[in-house]
Amino acid sequence: MTNTPKTPLPRVSSDEMGALLHLRGQSLNKGDPLSLPLVGTSAYHLPGRPDGSAAYGRADNPTWDHLEQMLAHLEQAPVVSFPSGMAAISAALFATLKAGDRLLIPADGYYITRRLCERFLAPLGVMVVERPTPVFATDGFDGFDVVFIESPSNPGLDMVDIAAVAALVRGAGGITIADNTTLTPLGQRPLDLGVDIVVASDTKAMGGHSDLLMGHVASRRDDLIEAMREWRTLSGSIPGPQTAWLLHRGMETLDVRYDRMCRSAQILAERLAELPDGPAVRYPGLVGDPAHALSMAQCRRTGFLMSLTFDTEARAEHFIDSCPLIRPATSFGSVHTSAERRARWGDDVPAGFVRVSVGIEPVEELWAAFAQAVG
Ligand SMILES: *Cc1c(COP(=O)(O)O)cnc(C)c1O
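Definitions and limits used
- Residues numbered from 1 in each chain as written.
- Predicted model: local features only at pLDDT ≥ 70, side-chain atom pairs only at ≥ 80, totals over all residues.
- Heavy atoms only, no water.
- Near = heavy atom within 4 Å.
- Polar contact = N/O pair within 3.5 Å; in protein donor to acceptor, adjacent residues only side chain to side chain.
- 1 Å grid on protein atoms, 1.4 Å probe; cavity = no way out; pocket = protein on both sides within 12 Å on 5 of 7 lines; lining within 4 Å.
- Sits in = over half its atoms within 2 Å of the grid points.
- Helix = DSSP H or I, 4+ residues; strand = E, 2+ residues; numbered from the N terminus.
- Nonpolar A, V, L, I, M, F, W, Y, C, P; charged D, E, K, R; others polar.
- Phe/Tyr/Trp six-rings, centres within 6.5 Å; stacked < 30°, edge-to-face > 60°.
- Buried < 20%, exposed > 50% of the residue type's maximum accessible area, 1.4 Å probe, protein only.
- Points joined across faces, edges and corners; volume = space filled by probe spheres on them.
- Core = buried A, V, L, I, M, F, W, Y, C linked by side-chain atoms within 4.5 Å.

**Here we look at the site of the ligand**
Here comes step 1: Near the ligand, the surroundings consist of 14 residues, among which Gly85, Asp179, Ser201, Thr203 and Lys204 are the closest.
Here comes step 2: Between the ligand and the protein, one listed contact pairs an oxygen atom with a backbone N or O atom of Met86 at 2.8 Å.
Here comes step 3: One of the side-chain N or O atoms of Asn154 is found 3.3 Å from an oxygen atom in the ligand.
Here comes step 4: Cavity membership is defined here by more than half of the atoms lying within 2 Å of grid points; on that basis the ligand lies in the largest pocket.
Here comes step 5: Sort the elements by how many residues they give to the shell around the ligand and helix 3 (residues 85-96) lands first, with three residues.
Here comes step 6: For the shell around the ligand, the class distribution of residues is five nonpolar, six polar and three charged.

Below, the structure written as structure tokens:
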């Protein structure tokens, strides 16, 4: 078998990634360090009257500024960073909703987002409605103030037509928020498809090494970005400069990691799908996958996540435990391939459903390990 995926996919131009690596370099003066300075300070030198210069560490930090510049380059939009994906999601929801508003969220999306809405937004007077991703647009969006989408959904990997949803929601006077964690800006640009706010957990592929939690929001609407920045300053939901520095460092290799992960995932998914007694495979890059057509239409890459559904829980656990190149873990997007049976958290999936996050291991080594463990 060859290493060439059957479906070549469009990808971010190398200019864009080259520019990303040299963003900071463009503004350096003679004698400045090439690497990003890590500034840990709560206070700034501030004699006389405040004039808008940096004053206090809850509102300003130069290490965040550089990280946000890098993220903004990828999103092609202003960005505010947060100490986790959930902190970013909270900022987007609390900055856009008020008592009496109606919020639509996916019934099959990230579980903690649903819990946040149920546990804290509903008691404040927000009416929270859930719909499954595959039929998300069926009943339209009239009467919703905010529509939150996750495409592909985690863990099912179903997609919605993002441009169509964003246009309908806008037509009905609402705001669309898209959780773009699973594909990253290299794989999908929801803002280009008309979404108002992108939220993401940078804990996953953006950081990429399972050693930090971070998140960000992006929006081309000044009023929304300002509201989310104000939420960060007032709620105190701020990233630590050390963690921001580490994410900046990790993102310098995002393109090579992500490219390897997506290519390997395509190859593994194709081979697994051809096994006579293998698990059922869901991967947007597979011709015939329910999300394939939408994925080709609206995504730049098909990602590094796939699901394998084994006929029993025991076979699924055996696959995870016996594969030497799989770490059993509940996160994804790391350099190490990882997997878990999602039903162990109560997700509405079969007992033998395994979410696999493909890492950067050489693909033939991975395939040999997978083929043996599936067997
Ligand atoms: C992990 C994840 C989050 C939450 O991010 P944290 O960094 O863990 O707070 C939100 N949405 C999706 C789709 C995720 O996978």
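And the narrative resumes.
**Brief notes about the packing of aromatic side chains**
Here comes step 1: Tallying each qualifying case throughout the model produces six aromatic pairs.
Here comes step 2: Residues Phe304 and Phe332 carry aromatic rings whose centres are separated by 6.3 Å and whose planes lie at 40° to one another, so their mutual orientation is tilted. Placement of Phe304 in the loop between helix 10 (292-298) and strand 9 (305-309) and of Phe332 in the loop between strand 10 (327-328) and strand 11 (338-341) is noted, with a sequence separation of 28 residues between them.
Here comes step 3: For Phe332, a relative accessible area of 4% translates into the label buried.
Here comes step 4: Ring centres of Phe319 and Phe370 lie 5.4 Å apart, and the angle between their planes is 85°; on these two criteria the pair is classed as edge-to-face. Taken together, the residues span a long stretch of sequence, with Phe319 in helix 11 (residues 313-322) and Phe370 in helix 12 (residues 363-374) at a distance of 51 residues.
Here comes step 5: Take Phe319: its relative accessible area is 0%, and that puts it in the buried class.
Here comes step 6: Connected via pairs of aromatic rings, a cluster forms that spans Tyr258, Phe304 and Phe332.

**Thoughts on empty space enclosed by the protein**
Here comes step 1: Inspection of the entire model under this criterion finds three cavities of 30 Å³ or more.
Here comes step 2: Considered as a void within the structure, the largest cavity measures approximately 40 Å³ in volume.
Here comes step 3: Contributing to the lining of the largest cavity are Pro152, Leu157, Thr182, Leu183, Pro284, Thr302, Gly303, Phe304 and Leu305.
Here comes step 4: Grouping the amino acids of the lining of the largest cavity by side-chain chemistry returns six nonpolar, three polar and no charged.

**A look at the nonpolar core**
Here comes step 1: Counting residues in hydrophobic clusters, the biggest one holds 33 residues, and the most contacted among them are Leu67, Leu74, Met206, Leu247, Met251, Tyr258 and Phe304.
Here comes step 2: Among the secondary structure elements, those contributing two or more residues to this core are helix 1 (14-21), helix 2 (62-75), helix 8 (241-251) and helix 9 (254-274).
Here comes step 3: Per-element accounting of this core gives the leading share, five residues, to helix 2.
Here comes step 4: In terms of nonpolar packing, the next biggest core, distinct from the first, is built from 27 residues, Ala269, Val281, Leu286 and Leu366 among them.

**Re unusual backbone geometry**
Here comes step 1: A cis amide bond links Ser151 to the next residue, Pro152, at an omega of 0°.
Here comes step 2: With respect to the helices and strands, the residue Pro152 is situated in the loop between strand 4 (146-150) and helix 5 (162-171).
Here comes step 3: With an omega of 10°, the peptide bond running from Asn154 to Pro155 counts as cis.
Here comes step 4: You can see Pro155 is positioned in the loop between strand 4 and helix 5.
Here comes step 5: Phi at Leu157 takes a positive value of approximately 65°, unusual for a residue other than glycine.
Here comes step 6: Positive phi is not limited to glycine here, since Thr184 has a value of about 65°.
Here comes step 7: Turning to its location among the elements, Thr184 is positioned in helix 6 (residues 184-187).
Here comes step 8: Among the residues examined, Thr184 registers a relative accessible area of 1% and is labelled buried.

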